[in-house]
Amino acid sequence: MALAKIVYASLTGNTEEIADIVAEALENEGLEVEINECTQVDADDFLEADICVIGTYTYDEGSLPDDIVDLYEELKELDLSGKIYGVVGSGDTFYEMFCSAVDDFDKAFAQAGATKGAESVKVDLAAEEEDIENLEKFAKELASKVK
Ligand code: FMN
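My aim in this report is to walk through the structure given alongside it, one point at a time. (Residues numbered from 1 in each chain as written. Predicted model: local features only at pLDDT ≥ 70, side-chain atom pairs only at ≥ 80, totals over all residues. Heavy atoms only, no water.)

Together, Glu16, Glu17, Asp20, Glu24, Glu27, Asp124, Glu128, Glu129, Glu130, Glu133 and Glu136 make up a region of like negative charge exposed at the surface. Only helix H1 (14–28) and helix H4 (129–144) provide two or more residues apiece to the negative patch. Top element by residues in the negative patch is H1. It accounts for five residues. With respect to the helices and strands, Asp124 occurs in strand E6 (residues 121–124). Given a relative accessible area of 34%, Asp124 falls into the partly exposed group. (Patch = residues over 30% accessible without salt bridge, like charges linked within 9 Å, V, L, I, M, F, W, Y side chains within 5 Å. Areas by Shrake-Rupley, 256 points an atom, 1.4 Å probe, with all protein chains shown as cover. Salt bridge = Lys/Arg side-chain N within 4 Å of Asp/Glu carboxyl O. Lys, Arg positive; Asp, Glu negative; His and termini not counted. Charge placed at Lys NZ, Arg CZ, Asp CG, Glu CD. Helix = DSSP H or I, 4+ residues; strand = E, 2+ residues; numbered from the N terminus. Buried < 20%, exposed > 50% of the residue type's maximum accessible area, 1.4 Å probe, protein only.)

This is how it looks when you write it as structure tokens:
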């Protein structure tokens, strides 16, 4: 069975909830899913996975969350060729750099040689019905790449 690994950073719970939605949707596609908060894992844990997913919020003026910076730096140095990746996250459209951390991780995975399996999903604060549909579609697309 293919393994999907989801790693997330979340301060107030929105991204954690988004990661949980993706996890459930991937399980429904028949994948084995491991989900961890970013301080509990190292980037090279992605080497065991077939599908690599990052969930991140965005902080001050488009910064990465402090908790996920180390993982970001490690990720860029890995060789993830042959892996499928996707990135999701929460931000706030009030800010100019809406969900820019999602784009940063998109570039980091590409730099590591992984293949993008689905367009990133950016959520304004907490996921609502339409976001949940987008996240489920995201998961389906990722799963279709390893079947
Ligand atoms: N969201 C953005 O999209 N871009 C930003 O630059 C940004 N800066 C923020 C700065 C501060 C001080 C705070 C409190 C929030 C900021 N946000 C920004 C919004 C958070 O990303 C948003 O609240 C998100 O839902 C938090 O996710 P979490 O619940 O998983 O922690």
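Structure's up, so let's keep going.
The next thing to look at is the environment of Tyr85. Structurally, the position occupied by Tyr85 is in strand E4 (residues 84–91). Overall, the relative accessible area of 3% leaves Tyr85 in the buried class. Note: C-alpha distance between Tyr85 and Ser144 (59 residues apart in sequence) is 12 Å. With residues near it in sequence (within four places) discarded, Tyr85 still touches Cys52, Asp106, Phe109, Ala110, Ala114, Thr115, Lys116, Gly117, Ala118 and Leu142. Of the polar contacts made by the side chain of Tyr85, one reaches the side chain of Asp106; its length is 2.5 Å. (Contact = heavy atoms within 4.5 Å. Polar contact = N/O pair within 3.5 Å; in protein donor to acceptor, adjacent residues only side chain to side chain.)

For Glu61, which is not a glycine, the phi torsion comes out positive at approximately 45°. Residue position: Glu61 is located in the loop between strand E3 (51–57) and helix H2 (69–77). Classification of Glu61 as exposed rests on a relative accessible area of 75%.

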